[in-house]
Amino acid sequence: YLSRLRKLDRRQNAMRAISKSAQAGDSMGDSMKQAAEAVLKQSKEDELPESERVTMANHILLILRKVTPLILMLEINIHRDGFLMLMTNTERTLFGYGLAVLRSGYLFSSMIWISWTIQLTLVMFAPSNTMWCHFIFVIGLVSIRVSHYTAAVEDYEGVDSLNSHSTSIAERK
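Definitions and limits used
- Residues numbered from 1 in each chain as written.
- Predicted model: local features only at pLDDT ≥ 70, side-chain atom pairs only at ≥ 80, totals over all residues.
- Heavy atoms only, no water.
- Helix = DSSP H or I, 4+ residues; strand = E, 2+ residues; numbered from the N terminus.
- Buried < 20%, exposed > 50% of the residue type's maximum accessible area, 1.4 Å probe, protein only.
- Contact = heavy atoms within 4.5 Å.
- Areas by Shrake-Rupley, 256 points an atom, 1.4 Å probe, with all protein chains shown as cover.
- Phe/Tyr/Trp six-rings, centres within 6.5 Å; stacked < 30°, edge-to-face > 60°.
- Expected span 1.5 Å × (residues − 1).
- Bend = angle between axes of the 7 residues up to and from the residue.
- 1 Å grid on protein atoms, 1.4 Å probe; cavity = no way out; pocket = protein on both sides within 12 Å on 5 of 7 lines; lining within 4 Å.
- Points joined across faces, edges and corners; volume = space filled by probe spheres on them.
- Nonpolar A, V, L, I, M, F, W, Y, C, P; charged D, E, K, R; others polar.
- Axes fitted to C-alpha atoms, helices over the stretch in contact; angles between N-to-C directions.
- Parallel < 35°, antiparallel > 145°, perpendicular 65-115°, else oblique.
- Patch = residues over 30% accessible without salt bridge, like charges linked within 9 Å, V, L, I, M, F, W, Y side chains within 5 Å.
- Salt bridge = Lys/Arg side-chain N within 4 Å of Asp/Glu carboxyl O.
- Polar contact = N/O pair within 3.5 Å; in protein donor to acceptor, adjacent residues only side chain to side chain.
- pLDDT = per-residue confidence, 0-100.

Chemist: Would you explain the overall build of the protein in this entry?
Modeler: Counting its secondary structure elements, the protein contains seven helices and zero strands. Along its sequence from the N terminus, the protein presents helices and strands in the succession α-α-α-α-α-α-α. Residues counted as buried form 25% of the 173 residues belonging to the protein. Restricting the contact set of the protein to residue pairs at least 6 apart, pairs at least 24 apart contribute 65%. For the protein, the accessible area works out to roughly 12500 Å², and carbon and sulfur atoms hold 65% of it.

Chemist: So what exactly am I meant to see when it comes to the packing of aromatic side chains here?
Modeler: Two descriptors summarise a pair of aromatic rings, namely the distance from one centre to the other and the angle between the planes of the rings. Taken as a whole, this structure holds two aromatic pairs when the rule is applied. Consider the rings of Trp132 and Phe135, whose centres lie 5.9 Å apart with planes at 80°: the pair is edge-to-face. Here Phe135 and Trp132 lie together in helix H6 (residues 130-157), a separation of three residues that amounts to about one turn.

Chemist: Sorry, what's going on with the environment of Thr130 here?
Modeler: With respect to the helices and strands, the residue Thr130 is situated in helix H6. According to the relative accessible area criterion, Thr130 is exposed, its value standing at 51%. For the pair Thr130 and Asn89, spaced 41 residues apart in sequence, the C-alpha to C-alpha distance is 7.7 Å.

Chemist: Honestly, the side chain of Ser143 in this entry has me stumped. Any pointers?
Modeler: Assignment of secondary structure puts Ser143 in helix H6. Residues contacting Ser143, with those up to four places away along its chain left out, are Tyr97, Met111, Ile112 and Ser115.

Chemist: Is there a simple way to explain helix H3 (residues 52-78) in this structure?
Modeler: Since there are 3.6 residues in each turn of an α-helix, residues three or four apart along the chain are aligned in direction. For H3, built from 27 residues, the straight-helix expectation of 39 Å at 1.5 Å per residue is met to within 8% by its first-to-last C-alpha distance of 38 Å. Taken as a whole, H3 carries its principal kink of about 30° at Val67; the proline Pro69 stands between one and four residues after it.

Chemist: Explain the layout of surface pockets to me, please; I cannot follow it from the model alone.
Modeler: One simple way to see leftover space: roll a probe sized like a water molecule over the atoms. In this model, the second largest pocket occupies a volume close to 250 Å³. Lining the second largest pocket are Leu61, Leu64, Arg65, Val67, Thr68, Ile71, Leu72, Glu75, Phe83, Leu84, Phe95 and Leu99. Those elements that place two or more of their residues in the lining of the second largest pocket are H3 and helix H4 (89-104). With eight residues, H3 is the largest single contributor of residues to the lining of the second largest pocket. By residue class, the composition of the lining of the second largest pocket is nine nonpolar, one polar and two charged.

Chemist: When you look at the packing of H3 against H4 in this model, what are you seeing that I'm missing?
Modeler: Between two packed helices, what matters for the description is the angle formed by their axes and the separation of those axes. The contact between H3 and H4 brings their axes to 7 Å, and the two run at 125°. Between H3 and H4, the crossing angle belongs to the class labelled oblique. Contacts between H3 and H4 involve Arg53, Ala57, Ile60, Leu61 and Leu64 on the former and, on the latter, Leu99, Leu102, Arg103 and Ser104.

Chemist: Help me understand a nonpolar patch on the surface in this model?
Modeler: A cluster of nonpolar side chains, contributed by Met111, Phe137, Val138, Leu141, Val142 and Val146, occupies part of the molecular surface with about 500 Å² of accessible area. The element contributing the most residues to the nonpolar patch is H6, with five residues. Tracing the chain through its elements places Val142 in helix H6.

Chemist: Would you mind showing me how to read the side chain of Ser115 here?
Modeler: Considering the arrangement of structural elements, one finds Ser115 in helix H5 (residues 110-125). Polar side-chain contacts of Ser115 include one of 3.2 Å to the side chain of Ser143. The residues touching Ser115, leaving out its near neighbours within four places in the chain, are Tyr97, Ile139, Gly140 and Ser143.

Chemist: Just to check I follow, could you spell out the confidence of the model for the protein for this structure?
Modeler: When pLDDT drops low, the exact placement of atoms in the prediction is not to be read closely. Of all residues in the protein, 62% attain a pLDDT of 70 or more, and the chain-wide mean is 75. Between the elements of the protein, mean pLDDT differs from a low of 44, seen in helix H7 (residues 166-172), to a high of 93, seen in H5. Low pLDDT, under 50, characterises residues 159-163; the predicted model gives this stretch 12 contacts beyond four residues in sequence or across chains. Within the model, pLDDT remains below 50 along residues 165-173, and this stretch shows seven contacts once partners closer than five positions in the same chain are excluded.

So, in structure tokens, the structure goes:
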């Protein structure tokens, strides 16, 4: 959502720059070159630094990309059946939800933790069948989408309170 707003803003800035150069009466080649340079300069100024949430997600993903293949190779050599093969469908869905949350970087969102608690309760106490698996999957997708929307609104408004942990709040004060 936020990237679409930024892209729309860049297009509007580009059109303003081109119309200003056309109104100035410059030759078309020079004005287009100046407009392109102005748009590039403006887009570099518009780039925001990565938030804490994105930086944390990138670090976790970097570690997981290097460690996960190693863990899976060791596990298959130690046990005949792998870790994922012994899981039920609902447990695999919950595992995938955890990886999706790590990938998205919404680990500190209260909506994610509430959803995970509900999903874990269902995995523990409900029978493992297709209906519960789909229900857990839908709960996970909805919670990630809602967290994504709230994070986009917070980034757009400049508020960074829900997806940040207590040490960053202490550092800001």
